[in-house]
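# Structural features, examined
This is what each chain is made of:
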Amino acid sequence: MRSKEDYLNSLKDGRDVRYRGEKVESILDHPVLRVTALHASKLFSLSRGFFDEDLKQEVSRYYLVPQSSEHLMQRHKLIYETTMSCNGIFNISQAIGSDALFSLVLTSKKVDKNHNTNYSSRVTAYHNYAKKNDLTLAVAQTDVKGDRSKRPSEQADPDMYLRVLDVTDDGITVNGAKAHTTQGPVSDELIVLPTRAMTAEDKDYAISFAVPANSKGLKFIVRPIDELEGNSSSVLSTKDYECESLTIFDKVHVPWDRVFLFKEHEFAGTLALNFVTYHRFTALSYRSASSNLYLGATSLVSKANGTTKAPHIHNNLVNIVMYKELMRMSAIAAAHTPTLDEGIAIPNPLYTNIGKLYSNQNFARILEGLIDTAGGIIATMPSQEDMVNPLESEIITKYLAGATQGEERIRILKIAKELVGSSMAGYMMTLMIHAEGSMEASKLGIVRGYDGVSESEKLVEGIFEN
Ligand SMILES: Cc1cc2nc3c(=O)[nH]c(=O)nc-3n(C[C@H](O)[C@H](O)[C@H](O)COP(=O)(O)OP(=O)(O)OC[C@H]3O[C@@H](n4cnc5c(N)ncnc54)[C@H](O)[C@@H]3O)c2cc1C
């Protein structure tokens with residue numbers, strides 16, 4: 001398995017990454033991207049190996065295709081523990097790529113049966129390649145989508161969904177863009193998946209493949225990360241942060257052995273859906289760990305303020321405990337009641353989507369609880385420069401004391417401010433609502449195939465007879 005240094009050195013491969021209008025010449029020397037790469041590299045210091053009987057070597061447990069509840073529970077714990085080792089911040093580097101691979105392993109078997117294709121062997125070869133080389137993989141699924149009321153083939157600009165532009169003997173050329181690609185700029189490779197179900201008219205958009213991050217024509221335009229641009233109040237962000245990019249595919253060539261779906265439009269939806277089920281299970285696992293940031297900060301800030309005995313502060317803590325444990329409970333329920341398909345265990349989609357939707361709808365209450373507990377100081381705190389300035393530091397420390405000494409209260413207030421009163425807070429709020437799919441997508445996942453309504457109707461109808 002790779003070392004942290006192997007991974008970091010592999011980023012020096014000429015990939016095209018842009019930040020605030022400039023080409024990033026060296027990721028490891030860039031003040032912002034360096035932090036996101038170092039965050040990813042933490043994975044390589046963790047114990048995450050298992051012995052792969054087929055490859056006869058130790059590989060990352062992230063790449064173990066789940067075949068049972070036990071495997072899913074192990075995966076839940078792996079993601080929870082990795083997040084905890086990264087200060088409560090998700091480490092996507094092998095999680096999202098393996099979610100995509102599980103869907104590809106499963107769906108390619110179905111496509112092959114229906115179309116007499118050989119995707120399954122290509123996916124197996126790529127899966128083994130990822131395992132052998134201990135790769136970090138980003139997933140580019142979300143298309144930029146243009147006019148949301150129109151299907152891919154109906155868009156005024158044909159590039160609003162990633163599409164096949166050209167086909168040759170040795171592969172395909174693709175064009176378009178994907179939005180919000182987490183850690184794409186610091187991953188070894190990108191797996192591309194369709195974002196939705198497709199019709200026959202959309203077949204040029206029904207594609208899936210994998211490419212190295214330094215492929216010709218591939219460009220990552222990274223979102224700015226304010227916390228890492230000289231914001232002296234940043235603490236957590238300087239240790240662990242992930243980046244996203246608008247990822248441009250400008251006539252990118254993909255050899256056939258890396259193509260996993262090519263115009264078999266009726267399977268685009270299956271591939272997308274299986275991926276999001278695994279990925280939302282991943283979300284429950286990291287979100288239960290990330291909740292500890294808000295729970296820990298709320299508890300510590302109430303101690304610093306001397307409000308631990310107040311009933312409404314107790315209530316704030318209970319809300320966060322509920323949030324954290326509901327994430328964990330839904331992951332455990334989903335792991336213990338999987339669907340088995342082609343010998344592969346898929347987490348129960350109903351429990352997975354219910355947990356994910358609860359997270360989407362209730363994250364704002366978590367922020368509210370921490371803000372309520374901490375007080376207005378979250379918004380009005382003096383700057384770090386004033387706090388370390390000999391002229392002001394003494395007076396600030398004196399007047400910011402609470403039930404604890406000033407220094408101690410300021411320490412926890414700084415973390416609380418970063419969690420709920422910074423640009424990171426806005427990012428986290430958006431992430432908790434949209435990442436791993438919008439709320440509407442989770443609602444569709446709950447309603448789709450739900451068989452509990454007829455039982456309820458029968459109960460109500462039965463009242464007249466019983
Ligand atoms: C921090 C973060 C990280 C992410 N990481 C990744 C990643 O690594 N890889 C990846 O592929 N994606 C990633 N995503 C994308 C994420 O899955 C999407 O943001 C999510 O699916 C919503 O899609 P969208 O952003 O295009 O918004 P939209 O789809 O535009 O949604 C906005 C609103 O419009 C509604 N809407 C959309 N279409 C219709 C329609 N036809 N009819 C009616 N209403 C509609 C939606 O329900 C929603 O209410 C990430 C997102 C975030 C915020």
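Up top you'll find the structure we're talking about.
Summary of the structure given here. (Residues numbered from 1 in each chain as written. Predicted model: local features only at pLDDT ≥ 70, side-chain atom pairs only at ≥ 80, totals over all residues.)

### A closer look at the environment of C243
Which entries qualify depends on this criterion: Comment: elements are numbered from the N terminus, with helices defined as DSSP H or I runs of at least four residues and strands as E runs of at least two. Residues with at least 20 other C-beta atoms within 10 Å of their own are called buried, those with 12 or fewer are called exposed, and the rest are partly exposed. The C-beta atoms themselves are positioned from the backbone.
Here C243 shows up in the loop between β10 (218–222) and β11 (244–255). What makes C243 buried here is the crowd of 25 C-beta atoms within 10 Å. Sequence separation between C243 and T199 is 44 residues, and the spatial gap between their C-alpha atoms is 33 Å.

### Some points on the sheet that holds β10
Spelled out, the test is: A pair of strands is treated as paired once DSSP finds two or more bridges between them.
Ordered in space as β2-β1-β10-β11-β7-β6, the six strands form an open sheet in which the pairing is mixed. Each edge of the sheet is formed by a strand with only one pairing partner; in this case those strands are β2 (22–23) and β6 (163–168). Here strand β1 (residues 16–19) runs beside β10; their pairing, made up of four bridges, is parallel. Across the sheet, V17 pairs through a bridge with F220, a residue of β10.

### Observations concerning the site of the ligand
This is how it is decided: Placing a C-beta atom from the backbone of each residue, we mark the residue near a molecule or strand if the atom is within 6 Å of it. Classification convention: Asp, Glu, Lys, Arg as charged; Ala, Val, Leu, Ile, Met, Phe, Trp, Tyr, Cys, Pro as nonpolar; all other residues, Gly among them, as polar.
What surrounds the ligand is a group of 22 residues, the closest being Q141, R148, H180, T182 and E440. Looking at the shell around the ligand, the elements that each hand over two or more residues are β5 (137–140), β7 (171–182) and α13 (423–434). Split into classes, the residues belonging to the shell around the ligand amount to six nonpolar, ten polar and six charged.

### Structural notes on the packing of helix α7 (residues 311–336) against helix α8 (residues 349–374)
What counts is decided by this rule: Only the stretch in contact is used when a helix axis is fitted, and all axes are lines through C-alpha atoms; the angle between N-to-C directions ranges over 0 to 180 degrees. By the definition adopted for this analysis, an angle is roughly parallel if under 35 degrees, roughly antiparallel if over 145, roughly perpendicular if from 65 to 115, and oblique otherwise. By convention, the crossing between two helices is left-handed when the near helix turns anticlockwise from the far helix through less than a right angle, and right-handed when the turn is clockwise. Placing a C-beta atom from the backbone of each residue, one calls two residues in contact when those atoms lie within 7 Å.
The N-to-C vectors of α7 and α8 enclose an angle of 160°; their axes lie 9 Å apart at closest approach. As far as their axial angle goes, α8 and α7 are roughly antiparallel. Considering the relative orientation of α7 and α8, their crossing is left-handed. Residue-level inspection shows I313, N316, N319, I320, Y323, L326, M327, S330, A331, A333 and A334 of α7 in contact with α8, the latter providing Y351, T352, I354, G355, Y358, S359, N362, R365, I366, G369, D372 and T373. For the contact of α7 with α8, a count of residues per class yields twelve nonpolar, nine polar and two charged.

### Topic: the environment of K131
Along the polypeptide, K131 turns up in helix α5 (residues 119–132). K131 gets classed as buried once you count the C-beta atoms within 10 Å, which come to 23. The contacts of K131, once residues within four sequence positions are left out, are D52, L55, V59, S60 and Y63.

### Thoughts on the pairing of strand β3 (residues 49–52)
Across a regular strand the side chains alternate sides, sitting on one face of the sheet and then on the other. Direction of pairing for β3 relative to strand β4 (residues 57–60): antiparallel, over a ladder of four bridges. Each residue of the ladder has a partner; that of G49, found in β4, is S60. Counted along the chain from β3 to the antiparallel partner β4, the turn is four residues long, and its residue K56 has a positive phi close to 55°.

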